[in-house]
Amino acid sequence: MSTPPEPPAADAAQPVLDLAGVVLDSDDPSALADFYHRLLGWPYGTREPEWVTLRAPAGAGLSFQYEARYRPPVWPAGAGDPAMMVHLDLAVRELAPAVAHAVAVGARLATFQPQEDVRVLLDPAGHPFCLFLEVPDHTNRG
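These figures come from a predicted structure and were not determined experimentally.

A.B. asks: Got a minute to help me understand the overall build of the protein chain in this structure?
C.D. replies: Within the protein chain, the regular secondary structure consists of 2 helices and 8 strands. Seen along its three principal axes, the alpha-carbon backbone of the protein chain occupies a region of about 55 × 50 × 40 Å. Taken across its 142 residues, the protein chain has 29% of its residues classed as buried. Accessible area for the protein chain stands at about 9,700 Å²; split by element, carbon and sulfur atoms hold 56% of it.

What follows is the structure, given as structure tokens:
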């Protein structure tokens, strides 16, 4: 097991790094962006044949890039399967209506479901994403 790196010295200036987006590969980035546009309702930013972006109302958006050798991940992955490298977690207030909406706009419900309050779905390119019940923040009750 490797040792974690030392934090920067107190006098070292920490550069500002802002997460601008998450990029999903696909052999059809336009179709995948269209799916997430329908799912999330986010507006398009850039729309080119090999690069499409969706702008989030706040925070990082989503981008979709063309990959000629794209192979969909397998969920859950077995030995030798292409495993997911990243997945999206989407908080919802009600699980069943959110799952129904996702399926109606083109998602598939994964066969394997690891938790009761989470639903794993697959987008049209095969990327897993999770819908989970939003947990209210009760720390600021007055």
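After that view, the rundown keeps rolling.
A.B. asks: Before we go on, may I ask you to explain the pairing of strand 8 (residues 128–133) in this structure?
C.D. replies: Two faces, one strand: in a regular strand the side chains alternate between the faces of the sheet. The pairing of strand 5 (residues 88–92) with strand 8 spans 5 bridges and is parallel. By the bridge assignment, Leu 90 is partnered in strand 8 with Leu 131. Two elements, strand 7 (residues 118–122) and strand 8, share 5 bridges in a ladder whose sense is antiparallel. Within the sheet, the bridge partner assigned to Arg 119 lies in strand 8 and is Leu 131. With antiparallel pairing between neighbouring strands as the criterion, strand 7 and strand 8 make up a hairpin whose turn holds 5 residues, including Gly 126 at a positive phi of roughly 95°.

A.B. asks: Sorry if this is basic, but what is going on with the sheet that holds strand 2 (residues 44–48) here?
C.D. replies: Backbone hydrogen bonds are what pair the strands of a sheet, in a parallel or an antiparallel way. In space, the 4 strands of this open sheet follow the order 1-4-3-2, with mixed pairing throughout. The open sheet has two edge strands, strand 1 (21–26) and strand 2, and neither has a second partner. On average, each strand axis in the sheet is tilted by 15° relative to the strand beside it, whichever way the strands run. Where strand 2 lies against strand 3 (residues 51–54), 3 bridges are found, and the strand directions are antiparallel. Residue pairing in the sheet places Arg 47 in a bridge with Val 52 of strand 3. Its contacts with the sheet place helix 1 (residues 29–40) against strand 1, strand 2, strand 3 and strand 4 (61–66), and it is angled at close to 160° to strand 4.

The rules we used
Residues numbered from 1 in each chain as written. Predicted model: local features only at pLDDT ≥ 70, side-chain atom pairs only at ≥ 80, totals over all residues. Heavy atoms only, no water. Helix = DSSP H or I, 4+ residues; strand = E, 2+ residues; numbered from the N terminus. Buried < 20%, exposed > 50% of the residue type's maximum accessible area, 1.4 Å probe, protein only. Areas by Shrake-Rupley, 256 points an atom, 1.4 Å probe, with all protein chains shown as cover. Pairing = 2+ DSSP bridges. Axes fitted to C-alpha atoms, helices over the stretch in contact; angles between N-to-C directions. Contact = heavy atoms within 4.5 Å.

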